Amino acid sequence: MRLIGLVLSIALLPTLVRAQDAAQTAPSPEPAGSQAAAPQTTDEAPEPANSFSYVRYRADYGQRHEVPADKIYTQESYSSASAAMYADRKVKVIVFPNLAPGTRLVYRYRQKQNIAYFPGYFGLWENFSLFTQYDDARVTLSAPASLPMQVYSRGVQGGDRPEVRGGQARWSWSYRRSTPMQNQNWTTAGWEYGPTIMASTYADYPALGRAYQLKGAEAARVTPAVADRAAQITRGIDDRRLQAAAIYQWVARNIRYVAVYLGNGGLEPNPADSILANRYGDCKDHTVILEALLAAKGIVSTPVLIGAGGGPTLPQVAVLGRFNHAINYLPEFDLYLDSTSPYARFGQLPASDLGAPVVHTADGRIARTPPNDPAVSAYRASSHYEFKADGSVSGRTVQDSGASGEIGLRGAFAQLTSQNRARIQESIMSASGFNGAGRIRLQGEVDDLSRPFGYAFDFDASDYVDFSTVGGMVLPDPPGAESMRNIHATASSPANATPFYCNDSLREETYTLDFPASVPIIAVPRSDSFENAAGSYESSWKQEGQRVVATHRLRLNAIHGNDKVCQPGDYPAFREIYQQVRRGFRAQIVYGDLEAVPAPVRAGQ
């Protein structure tokens, strides 16, 4: 969204520079003092100079630099650096000396887990990116033969059956990729299609959910302090749904969210009393305090494990790494709640929580959150332009980001100050190609979750168009809204080699342009439509006197359903429909006085 701009997260990853194989064979010099043989007068092929050849030749030359011990140290991980006392994940940092182009970096590490995440749980999940070169990768797993182990592998050498000796089971896999795949425009998480190895001691996902519940249920026990707080929150409210809404909003507003992701550390939530006293916690703590407060009013709920933003599918083996978040589910109202967002209304979910497979920990049930479809995420924008004869223009843009988009919009405006508001307004105008000034107009209050929230953008610009001659005008880029006109750039490549995420979506843009009475409108584009497997696109044009109204509507499909990803073979359909959008926005309104155009000068006159 142009309103706030882009936030760039830069992850620093170790770089492995490998020396390239070399195989060069130079002609052997003749022995000193020898004479050249006389030319042979025969049709037979000459005898080879030797009876061997180089199949592979390697030569590595270089200086070895050891890393001093004091240049290898431990620090907080980037993901938990702001997580106060809850952070327990560390990263090992290596400072390599004397780096230069062509340097090979070599390091070795060992990981040791002293306490299992859950009783009896062991999980292994190794993924190899197709976009990375692997000269020689090997993974082994050893475990007692009596220990149940669910194993799945794809795209690697080695099978899912172990070699058993002396009561020990051993699995071994290897993988090589000499040429990395070129980057793709669209791609799912690598485990959806790339080489992967998964192992788990849990038979299925319900077992994983029930294991989480062992500690989660204990932490969510209703105590006198919890019961007192629930009574205060719901005082004067008799309706059970309204009670649930009041409790949810209190937790979202009063329990500060401290980010510690599920897979990043200890998975045991804190007791409800502790969370009430501290008034902060991570997602696990949010589910605990919300569950306990609801239970104090007799409203049943369950924690839910979810992979936020991770796509619509689950791996074949029950691995904990698929989940990075926890939310709540209220069966009485069939509602999922994510109280970690203080700007989500009761019943709203952030876009990252939508359409995701989940595990209900109370009963181990596998389910799915509501889909991320136009019912909650349709994006609509309308802009009105009033042109004057001197080419200046005034107008307003209004956008509707949908229920899920509203959450992020509230969070963005909560950080808006008078100082950065001015900079943002200037940025919006310049990005849309207007020379003038704009003003943000809030529609609703950021903190009033009982009513919808949005904004409008008023603008005035000079010297936008020259009406003194006949010309053509494409639809202006709407200030303060995000247009689909450049969507074709996301599908610039003619093909896509990997699966990609796709879901039902709707984008609609309406443009109303009022031309001055002194400027004749010669022609407007014709309406058009297009449809294929990826979706449908419509461009509608109407002229009423000096007013032109254009509407562009793009509806995209989850081709294989909301619970599946799109495949490489689906990509051409998306690329085709995006090109139709590109053509639709190239259409022009033709204006001006044709009688004022000088007659063409013929040759010879």
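Presented here is an overview of the structure given in this document.

Criteria and thresholds
- Note that residues are indexed from 1 along each chain, following the sequence as it is written.
- For this predicted model, a pLDDT threshold of at least 70 governs which residues receive local features, and a threshold of 80 or more governs which side-chain atom pairs are given and counted, while totals over whole chains, interfaces and linings are taken from all residues.
- Derived side-chain values reflect all non-hydrogen atoms in the structure, with water molecules and hydrogen atoms excluded from consideration.
- Here, a strand pair is defined by DSSP locating no fewer than two bridges between the strands.
- In this text, helices come from DSSP runs of H or I with a minimum length of four residues, and strands from runs of E with a minimum of two, each type numbered from the N-terminal end.
- Axis lines are fitted to C-alpha atoms, over the contacting stretch for helices. Their N-to-C directions set the angle, which ranges from 0 to 180 degrees.
- Contacts: residue pairs with any heavy atoms within 4.5 Å of one another.
- One speaks of a salt bridge when a side-chain nitrogen belonging to Lys or Arg is within 4 Å of a carboxyl oxygen belonging to Asp or Glu.
- Exposure classes here rest on a 1.4 Å probe applied to the protein chains alone. A residue is buried below 20% of its type maximum, exposed above 50%, and partly exposed in between.
- Directions pointing from the helix axis toward each C-beta atom define the arc.
- Throughout, disulfides are identified as pairs of cysteine sulfur atoms within 2.5 Å of each other.
- Any Phe, Tyr or Trp ring, taking Trp's six-membered ring, that has another such ring centre within 6.5 Å forms a pair; planes under 30 degrees apart are called stacked, those over 60 apart edge-to-face, and the others tilted.

**Side note on the sheet that holds strand β19 (residues 454–461)**
Taken together, eight strands build an open sheet; the order of strands is β18-β19-β17-β16-β21-β25-β24-β23 and the sheet is mixed. The sheet terminates laterally at β18 (436–443) and β23 (528–532), the two strands that pair on one side only. Here the average twist between neighbouring strands, direction ignored, is 10°. Relative to β19, β18 runs antiparallel, the two being bridged by eight bridges. For Gln 443, the partnering residue across the bridge sits in β19 and is Gly 454. Against the sheet, helix α7 (residues 402–414) touches β17 (393–400), β18 and β19, its axis set at about 70° to β19. Of the strands in this sheet, β21 (505–514), β23, β24 (535–544) and β25 (547–556) are in contact with helix α9 (residues 571–586), which crosses β25 at around 175°.

**What to know about the sheet that holds strand β4 (residues 134–144)**
An order of β4-β7-β6 is seen for the three strands of this open sheet, with the pairing classed as antiparallel. The sheet is open, and its two edges are formed by β4 and β6 (163–165), each paired on a single side. The average angle at which neighbouring strand axes cross in this sheet is 25°, direction not considered. The pairing of β6 with strand β7 (residues 168–177) spans three bridges and is classified as antiparallel. By the bridge assignment, Glu 163 is partnered in β7 with Arg 170.

**Some remarks on the pattern of salt bridges**
The final tally for this structure, using the stated rule, is 15 salt bridges. Between Arg 547 and Asp 514 there is a salt bridge, and its shortest N-O distance comes to 2.7 Å. Separated by 33 residues along the polypeptide, Arg 547 in strand β25 and Asp 514 in strand β21 bring together distant segments of the chain. Of the residues examined, Arg 547 reaches a relative accessible area of 36% and is grouped as partly exposed. Of the residues examined, Asp 514 reaches a relative accessible area of 15% and is grouped as buried. Where salt bridges share partners, they join Arg 345, Glu 406 and Arg 410 into one cluster.

**Re helix α2 (residues 224–233)**
Three or more residues of α2 are buried, namely Val 226, Ala 230 and Ile 233. On an axial view of α2, the arc spanned by its buried residues comes to 65°, and they lie on one face. Looking at the packing, one finds that the buried side of α2 touches α3 (240–254), α4 (272–278) and α5 (283–296).

**Focus: the state of the cysteines**
A disulfide bridge is the covalent bond that connects two cysteines by way of their sulfur atoms. Using the criterion set out here, one finds one disulfide in the structure. Bridging Cys 502 to Cys 566, the disulfide has an S-S length of 1.9 Å. Here Cys 502 and Cys 566 share a disulfide; its torsion about the S-S bond, 80°, makes the bridge right-handed. With Cys 502 in the loop between β20 (471–473) and β21 and Cys 566 in the loop between β25 and α9, the pair connects residues that are 64 residues apart, well separated along the chain. For Cys 502, a relative accessible area of 13% gives the class buried. Classification of Cys 566 by relative accessible area gives buried; the value is 0%.

**Describing the packing of aromatic side chains**
Evaluated as defined, the whole model comprises 29 aromatic pairs. Consider the rings of Phe 467 and Tyr 591, whose centres lie 5.2 Å apart with planes at 85°: the pair is edge-to-face. Highlighted residues: Phe 467 in the loop between β19 and β20 and Tyr 591 in strand β26 (residues 589–591), separated in sequence by 124 residues. In this structure Tyr 591 comes out as buried when scored by relative accessible area, which is 5%.

**Notes on the pairing of strand β14 (residues 357–360)**
Neither face of β14 is left uncovered, since the one carrying Pro 357 and Val 359 and the one carrying Val 358 and His 360 both have all their residues buried. When strand β11 (residues 302–306) meets β14, the two strands line up antiparallel, connected through three bridges. If you follow Leu 305 over to β14, its bridge partner there is Val 359. Sheet analysis places β14 next to strand β15 (residues 366–368), joined by three bridges and oriented antiparallel. By the bridge assignment for β15, Val 359 is matched with Ile 366. Turn length for the β14-β15 hairpin, with the two strands adjacent in sequence and antiparallel, is five residues, and the turn residue Gly 364 shows positive phi of about 75°.

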